[in-house]
Amino acid sequence: MVSITTDPIDMNAAYRYVSTDSAGAITFFFGTVRDSTNERAVERLEYEAYDRMALTKMQEIAAEACRRWDVRKYTIIHRKGNLAIGDIAVLIAVATPHRADAFDACRYLIDTLKQQVPIWKKEIFEDGQVWVDAHP
């Protein structure tokens, strides 16, 4: 399951969704809104997305992860709109029979999402704002 939402991300619902008896490992990645960047105080973030293209790309990335690793269930959820300090901006959960695949697939999903999916982040500071390069 992949989704883009303006609603807060429910980590418990994500866990219930990916939980399966065939998985001995579930990994989560939470990308959260931090309070500073390069020693500048962040007031909030704004995310924009080209939803249709982003969802398609997220599904392609997830399909590739399933091809590479023994992924039984997964979810990728990304917020858009205004986010406050501490909010979850992105959640990725992966369920696999063994932990190594779960960790590897989860890392692949977040790294590839940030490189390829058309979702843009703007950091809002007290004295200005800046669009952030998504690539780590």
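About the criteria used
Residues numbered from 1 in each chain as written. Predicted model: local features only at pLDDT ≥ 70, side-chain atom pairs only at ≥ 80, totals over all residues. Heavy atoms only, no water. Helix = DSSP H or I, 4+ residues; strand = E, 2+ residues; numbered from the N terminus. Buried < 20%, exposed > 50% of the residue type's maximum accessible area, 1.4 Å probe, protein only. Contact = heavy atoms within 4.5 Å. Pairing = 2+ DSSP bridges.

Caption draft 1: Structural detail: the environment of Leu113. With respect to the secondary-structure elements, Leu113 resides in helix 3 (residues 99–116). Overall, the relative accessible area of 6% leaves Leu113 in the buried class. For the pair Leu113 and Glu126, spaced 13 residues apart in sequence, the C-alpha separation works out to 29 Å. Look past the residues within four positions of Leu113 in its chain and what remains in contact with it is Met58, Ile61, Ile76 and His78.

Caption draft 2: Examining the pairing of strand 5 (residues 73–79) more closely. Of all the 7 residues making up strand 5, 6 are buried; the element is thus mostly covered by neighbouring parts of the structure. In this structure, strand 1 (residues 2–5) lies alongside strand 5, joined through 4 bridges in parallel fashion. Paired with Thr5 across the two strands is Arg79, which belongs to strand 5. When strand 5 meets strand 7 (residues 88–96), the two strands line up antiparallel, connected through 6 bridges. By the bridge assignment for strand 7, Lys73 is matched with Ala95.

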